[in-house]
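# Descriptive structure summary
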Amino acid sequence: MNLLELSFVRSEMKIVLESLIEKEQSMAAICEHSDDEDEVADIGNDLIEVRLLIERLVAEAVPKFGDSVLVFDRTPL
């Protein structure tokens, strides 16, 4: 297995996590609403991988950057 190690600053990690969470939600919606069994199977398998990746990144990001790394609200203060 090849390994790629990356370093992120807090703002970059927020972008990555937000994007992955949006992708996860999109994939989950497809699995929930699609009538195509092949599509659900394919996306469902990828959805598992995305969820595992999110879990791993959150486990590493929160201790490093704090819980606010998971706050994606853009409402003006």
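Reference entry: report on the structure contained in this document.

## A closer look at a negative patch on the surface
A surface patch of like charges, here negative, comprises D35, D36, E37, D38, E39, D42, D46 and E49. Among the secondary structure elements, D38 is positioned in helix α2 (residues 37–65).

## Some thoughts on the pattern of salt bridges
For the structure on display, the rule yields 2 salt bridges. R74 is the salt-bridge partner of E18, the closest N and O atoms lying 2.8 Å from each other. Of this pair, E18 sits in helix α1 (residues 10–33) while R74 sits in the segment after α2, and the two are 56 residues apart along the sequence. Here E18 falls in the buried class, since its relative accessible area comes to 14%. With a closest N to O distance of 2.8 Å, R51 and E24 form a salt bridge. Residue R51 is located in helix α2, and its partner E24 is located in helix α1; the two are separated by 27 residues in the primary sequence. Note on R51: relative accessible area 41%, which makes it partly exposed. The class for E24 is buried, based on a relative accessible area of 16%.

## A word on the layout of surface pockets
Taken as a whole, the largest pocket holds about 410 Å³ of empty space. Lining the largest pocket are 15 residues, with L6, F8, M13, L57 and E60 positioned closest to its centre. Broken down by secondary-structure element, the contributors of at least two residues to the lining of the largest pocket are α1 and α2. The greatest single-element share of the lining of the largest pocket, amounting to 7 residues, is contributed by α2. Within the lining of the largest pocket, the residues separate by chemical class into 10 nonpolar, 1 polar and 4 charged.

Rules used throughout
Residues numbered from 1 in each chain as written. Predicted model: local features only at pLDDT ≥ 70, side-chain atom pairs only at ≥ 80, totals over all residues. Heavy atoms only, no water. Patch = residues over 30% accessible without salt bridge, like charges linked within 9 Å, V, L, I, M, F, W, Y side chains within 5 Å. Areas by Shrake-Rupley, 256 points an atom, 1.4 Å probe, with all protein chains shown as cover. Salt bridge = Lys/Arg side-chain N within 4 Å of Asp/Glu carboxyl O. Lys, Arg positive; Asp, Glu negative; His and termini not counted. Charge placed at Lys NZ, Arg CZ, Asp CG, Glu CD. Helix = DSSP H or I, 4+ residues; strand = E, 2+ residues; numbered from the N terminus. Buried < 20%, exposed > 50% of the residue type's maximum accessible area, 1.4 Å probe, protein only. 1 Å grid on protein atoms, 1.4 Å probe; cavity = no way out; pocket = protein on both sides within 12 Å on 5 of 7 lines; lining within 4 Å. Points joined across faces, edges and corners; volume = space filled by probe spheres on them. Nonpolar A, V, L, I, M, F, W, Y, C, P; charged D, E, K, R; others polar.

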